[in-house]
Amino acid sequence: MSNFTGQVAFISGAGSGIGRGIAEAFAAVGMKLVVGDVDSESVRKVAAALSDEGAEVISVDLDVADRASWDAATQNAQSEFGRIDILCNNAGVAGLTRAVEDIPIEEWRWMTDINLYGLVHGLQCVIPKLKAKGSGHIVNTSSIGGLVPLPNFSEYMAAKHAVIGLSGSVRRELEPFGIGVSVLCPGAVRTALGETTVRQRPGRAALAAARGNVVGELPWRYIEPIEVGRLTLKGIADNQAFIFTHPENRAEVEAEFDAMRAAFDALPN
Ligand SMILES: NC(=O)c1ccc[n+]([C@@H]2O[C@H](COP(=O)([O-])OP(=O)(O)OC[C@H]3O[C@@H](n4cnc5c(N)ncnc54)[C@H](O)[C@@H]3O)[C@@H](O)[C@H]2O)c1
């Protein structure tokens, strides 16, 4: 896909951060936008700001963990623009940053409902529409952590690793239908992820406060969400299987592959 003008993109979690950055980058190339978020107020403000800049955009209320909410939101998109061409399955919440045995199982389930099943609902809702048209592109937001897992982020890394597997499987599944699939693996991006997570689930504030500094100093290089949006656009244009954001992550990914290579080398002949 390379001519973006007039294409209709549906972006989840567009009320803030990377979703908003994607929406801004898409608007800049003339796409029509449906921006969805569980935070109605923030996503309405994003739509108003994009509209002021000249974009054709609607906002929709969307809780990605709820299939009925997906059905209603995509029905709104269909009524407004007649179709969806690009799905950015981007909404997500932050990890608790605690030792694996200290993350209550309900928090595992809550995160997985959003960071994994939230994307599955989006796929199950939108793919039939793309198949009917015989074209389209899907971008699933994982994380570089989905490939290079950090300690004390187990429930987040598990969900993001699952999104890599989900995307690879669905990419192969949809290739014969003329539909592209990319998995977006951002490194550190300057967003409100911690704050928006606690706003949605206030009980996590106390759990996070009780955690102590298990993660330690993280010398990450933060980039702006709009940069991720531009890279996403390029990834769609080139139908990249993976969309990365930080060249410095390459060595960490290669180290993971080195460990696998070493395990194959260690096999008896
Ligand atoms: N910020 C980073 O460094 C980083 C790195 C790698 C991956 N990511 C991923 O990028 C995605 C976007 O996060 P962000 O960093 O922009 O954070 P953010 O908090 O700024 O934006 C996330 C948005 O998703 C929305 N959201 C949360 N739960 C939702 C739900 N159930 N239904 C609909 N909307 C919901 C939030 O309200 C928020 O507007 C997430 O999947 C996150 O895991 C972020």
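Please read all numbers here as calculations on a predicted model, not as lab measurements.

1. Some points on the site of the ligand
Part 1 of the argument: The ligand sits among 29 residues. The nearest are Ser16, Asp37, Tyr156, Thr191 and Thr196.
Part 2 of the argument: Here glycine 17 contributes a backbone N or O atom positioned 3.4 Å from an oxygen atom of the ligand.
Part 3 of the argument: In the environment of the ligand, an oxygen atom lies 2.9 Å from a nitrogen or oxygen atom belonging to the backbone of asparagine 90.
Part 4 of the argument: When the free accessible area of the ligand is taken as 820 Å², the share hidden by the protein chains comes to 96%.
Part 5 of the argument: Broken down by secondary-structure element, the contributors of at least two residues to the shell around the ligand are helix H1 (17–28), helix H6 (154–174) and helix H7 (193–200).
Part 6 of the argument: Considering every element that reaches the shell around the ligand, the biggest residue donor is H7, with 3 residues.
Part 7 of the argument: Considered class by class, the residues forming the shell around the ligand number 13 nonpolar, 13 polar and 3 charged.

2. Regarding the pattern of salt bridges
Part 1 of the argument: Under the counting rule described, the total for this entry stands at 15 salt bridges.
Part 2 of the argument: The partner of lysine 133 in a salt bridge is aspartate 85, with the nearest N and O atoms 2.7 Å apart. In this pair, lysine 133 sits in helix H5 (residues 117–133) while aspartate 85 sits in the loop between helix H3 (67–81) and strand E4 (86–89), placing the two residues 48 residues apart along the sequence.

3. Some words on the layout of surface pockets
Space left empty within the atom packing is revealed by a probe, the size of a water molecule, rolled over the atoms.
Part 1 of the argument: One number sums up the size of the second largest pocket: a volume of about 180 Å³.
Part 2 of the argument: Around the second largest pocket, the lining is made up of 13 residues, and of these Glu24, Ala27, Ala28, Leu50 and Glu53 lie nearest the centre.
Part 3 of the argument: Counting residues per element, the ones that place at least two in the lining of the second largest pocket are H1 and helix H2 (40–52).
Part 4 of the argument: Sorting elements by how many residues they give to the lining of the second largest pocket places H1 first, with 4 residues.
Part 5 of the argument: Partitioning the lining of the second largest pocket into residue classes produces 7 nonpolar, 2 polar and 4 charged.

4. Structural notes on H1
Part 1 of the argument: The end-to-end C-alpha distance of H1 is 17 Å, a good match for the 16 Å that 12 residues give at a rise of 1.5 Å each.
Part 2 of the argument: Turning to H1, its buried residues are Gly17, Ile18, Gly19, Gly21, Ile22, Ala23, Ala25 and Phe26.
Part 3 of the argument: Looking at the buried residues of H1, the elements they touch are strand E1 (8–12), strand E2 (32–37), H2, E4, strand E6 (179–185) and helix H9 (225–237).
Part 4 of the argument: One or two positions beyond H1, positive phi appears at glycine 30, with a value near 85°.

5. Observations regarding a nonpolar patch on the surface
Part 1 of the argument: Together, Phe257, Met260, Phe264 and Leu267 give the surface a local cluster of nonpolar side chains, amounting to about 450 Å² of exposed area.
Part 2 of the argument: Looking at where phenylalanine 264 falls in the secondary structure, it is placed in helix H10 (residues 249–265).
Part 3 of the argument: You can call phenylalanine 264 exposed: its relative accessible area is 61%.

6. Digging into the packing of H3 against H5
The angle between the axes and the distance between the axes are what describe a pair of packed helices.
Part 1 of the argument: Where H3 meets H5, the closest approach of the two axes is 10 Å, and the angle between their N-to-C directions is 40°. The orientation of H3 relative to H5 falls into the category oblique. The handedness of the crossing between H3 and H5 is right-handed. On H5, the residues touching Arg67, Trp70, Asp71, Thr74 and Gln78 of H3 are Gly118, His121, Gly122, Gln124, Cys125, Val126 and Lys129.

The rules behind the values
Residues numbered from 1 in each chain as written. Predicted model: local features only at pLDDT ≥ 70, side-chain atom pairs only at ≥ 80, totals over all residues. Heavy atoms only, no water. Near = heavy atom within 4 Å. Polar contact = N/O pair within 3.5 Å; in protein donor to acceptor, adjacent residues only side chain to side chain. Areas by Shrake-Rupley, 256 points an atom, 1.4 Å probe, with all protein chains shown as cover. Helix = DSSP H or I, 4+ residues; strand = E, 2+ residues; numbered from the N terminus. Nonpolar A, V, L, I, M, F, W, Y, C, P; charged D, E, K, R; others polar. Salt bridge = Lys/Arg side-chain N within 4 Å of Asp/Glu carboxyl O. 1 Å grid on protein atoms, 1.4 Å probe; cavity = no way out; pocket = protein on both sides within 12 Å on 5 of 7 lines; lining within 4 Å. Points joined across faces, edges and corners; volume = space filled by probe spheres on them. Expected span 1.5 Å × (residues − 1). Buried < 20%, exposed > 50% of the residue type's maximum accessible area, 1.4 Å probe, protein only. Contact = heavy atoms within 4.5 Å. Patch = residues over 30% accessible without salt bridge, like charges linked within 9 Å, V, L, I, M, F, W, Y side chains within 5 Å. Axes fitted to C-alpha atoms, helices over the stretch in contact; angles between N-to-C directions. Parallel < 35°, antiparallel > 145°, perpendicular 65-115°, else oblique. Left-handed = near helix turned anticlockwise from the far one by under 90°.

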